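# What the coordinates show
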Amino acid sequence: MTPYLEIGGDYREVVPGIHMLELPLPFSLGIVNVYLVRLDDGWLLIDTGMQTEACFQALTRALEGLAVDWRDIRHVLLTHIHPDHMGLASRVIALTGAPLHLHWADHQLLAEITNRERHHAWQQEVLTIAGVPGEMRKLVHSSLLEIQQSFQRLTPDRLLSGGESFSTPHGALEVIWTPGHSPGHVCLYGQGRRVLISGDHILEHISPNIGWQPGRDVLGEFLSSLDRIAGLEVDLILPSHGAPFSGHRAWVRKTHEHHAERCARIVSLVDGGARTAHEIASQLWDRKLSPFHYRFAIFEVLAHLEYLERREVLRADRSNGVYHWTRAAA
Ligand SMILES: [Zn+2]
Ligand SMILES: [Zn+2]
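Residues numbered from 1 in each chain as written. Chains lettered and ligands numbered in written order. Predicted model: local features only at pLDDT ≥ 70, side-chain atom pairs only at ≥ 80, totals over all residues. Heavy atoms only, no water.

## Some points on the pairing of strand 4 (residues 43-46)
Burial of strand 4 is two-sided: the residues Trp43 and Leu45 facing one way and the residues Leu44 and Ile46 facing the other way are all buried. Pairing of strand 3 (residues 31-38) with strand 4, which is carried by 4 bridges, proceeds in the antiparallel orientation. Considered in strand 4, the bridge of arginine 38 is made with tryptophan 43. Linkage of strand 3 to strand 4, two consecutive antiparallel strands, is achieved through a turn of 4 residues, within which glycine 42 is found at a positive phi near 80°. In terms of strand pairing, strand 4 meets strand 5 (residues 73-77) through 4 bridges, oriented parallel. Across the sheet, the residue bridging to isoleucine 46 is leucine 77, located in strand 5. In this fold, strand 4 hands off to helix 1 (residues 53-65), which returns the chain to strand 5; that crossover is right-handed. (Buried < 20%, exposed > 50% of the residue type's maximum accessible area, 1.4 Å probe, protein only. Helix = DSSP H or I, 4+ residues; strand = E, 2+ residues; numbered from the N terminus. Pairing = 2+ DSSP bridges. Right-handed = clockwise from strand over helix to strand, strands pointing away.)

## A look at the nonpolar core
Ile280, Ile298 and Leu305 are the most contacted members of the largest nonpolar core, which has 52 residues in total. Sorting the residues of this core by element identifies helix 5 (116-129), helix 6 (134-149), strand 10 (186-190), helix 7 (218-230), helix 8 (248-271), helix 9 (277-284), helix 10 (291-310) and strand 13 (314-317) as the ones contributing at least two each. No other element matches the 10 residues that helix 10 contributes to this core. With near-sequence residues (within four places) excluded, isoleucine 280 lies in contact with Ile266, Leu269, Val270, Ala274, Val301 and Leu305. Formed by 33 residues, the second largest nonpolar core is a distinct cluster that contains Val32, Leu88, Ala98 and Leu109. (Core = buried A, V, L, I, M, F, W, Y, C linked by side-chain atoms within 4.5 Å. Contact = heavy atoms within 4.5 Å.)

## Digging into the environment of leucine 110
Topologically, leucine 110 is positioned in helix 4 (residues 104-113). On a C-alpha basis, the gap between leucine 110 and arginine 327 in space is 35 Å, while along the polypeptide they are 217 residues apart. What leucine 110 contacts, discounting residues up to four positions off in sequence, is Ile81, Met86, Phe151, Gln152, Arg153 and Leu154.

## Structural notes on the coordination of the zinc ion (ligand 1)
Ideal geometry at a metal centre: 109.5 degrees between donors when four sit tetrahedrally, and 90 or 180 degrees when six sit octahedrally. With distances of 2.1 to 2.3 Å, the protein atoms coordinating the zinc ion (ligand 1) are His80 (NE2), His82 (ND1), His181 (NE2) and Asp200 (OD). The coordination sphere of the zinc ion (ligand 1) comprises 4 donor atoms, whose angles at the metal cover 90 to 173°; the geometry is irregular. All donor residues of the zinc ion (ligand 1) come from one chain, and their arrangement in sequence is H-x1-H-x98-H-x18-D. The two metals, the zinc ion (ligand 1) and the zinc ion (ligand 2), are separated by 3.6 Å and share aspartate 200 as a common coordinating residue. A residue pair is termed long-range when its members are at least 10 positions apart, and histidine 80 in the loop between strand 5 and helix 2 (83-86) and aspartate 200 in the loop between strand 11 (195-199) and helix 7 qualify at 120 residues. Taken as a pair, histidine 80 and aspartate 200 share a single burial class, namely buried. (Donors = N, O, S within 2.8 Å, 3.2 Å for Na, K, Ca; no water. Tetrahedral: all angles 85-135°; square planar, octahedral: opposite > 155°, others 65-115°.)

## Remarks on the environment of tyrosine 294
Relative to the helices and strands, tyrosine 294 resides in helix 10. Look past the residues within four positions of tyrosine 294 in its chain and what remains in contact with it is Val132, Met136, Val140, His278 and Leu289.

Here is the structure:
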């Protein structure tokens with residue numbers, strides 16, 4: 001029995017009609033929270049947990065404890081397609097018969113990721129233009145094989161685009177598109193209860209990972225979706241990892257600062273002679289990163305470089321296969 005089986009499995013009603021179910025994860029985040037929301041008719045399950053037996057058992061026990069039958073779940077919604085959120089989706093859909101709701105942009109991304117050969121080739125191409133040495137590219141590839149298996153094709157019944165809503169006895173719960181952490185990430189906002197189910201968009205002690213996507217200003221999108229959230233009246237944030245907390249505007253401000261600092265640091269590394277995303281990442285993180293985490297670091301740096309290029313701070317020379325970054329203005 002691995003240690004993680006002993007944590008999680010807890011559930012409680014965090015605001016009237018919204019239950020937080022803690023499900024165990026086999027990695028350092030420890031727990032993913034999924035939410036069971038009472039609807040006018042039946043229940044809405046937000047996220048499903050990872051595709052592990054421990055997760056499934058914890059979910060089953062929580063539903064039993066709440067006397068909610070699988071068939072009472074009328075809708076299943078995924079905040080985004082990361083394995084700790086969507087892993088059990090197929091199994092839950094089979095048991096509940098409920099329609100699956102997913103944002104179209106994450107559905108599109110999932111289709112790309114599950115085309116494994118093509119996705120692998122694309123990842124290697126990105127690492128190459130980032131200046132990552134061949135040996136490291138191989139290590140990154142092996143480190144991703146396991147996680148790749150946890151992405152599975154899904155056929156959503158409803159493709160979300162933001163603005164949809166669910167009727168609950170405590171007022172409507174509205175879908176808000178918050179791209180950044182993933183292109184089709186959504187949060188759910190209950191205006192009446194002043195609660196935000198924030199997925200991985202807002203996590204109290206963690207700055208959500210932002211990964212570069214071709215043709216997108218991922219960091220710019222993330223910061224804009226944070227501003228959107230800052231405009232809402234929220235007393236309680238219900239995140240996917242960690243306990244409920246409040247103070248969303250302070251959190252948004254702090255996160256803006258974090259990325260502004262990171263941008264400034266990247267520009268100063270470029271001024272100091274770092275030319276490729278690999279060179280920048282190696283100096284940005286002074287500790288040695290595992291190949292798995294290094295991959296996230298590279299994609300995070302690329303998202304910042306793209307952001308800085310679009311704002312004409314930096315520019316890339318793309319002429320020789322590896323992108324070389326310099327100041328945009330002499
Ligand atoms: Zn995530
Ligand atoms: Zn997560």
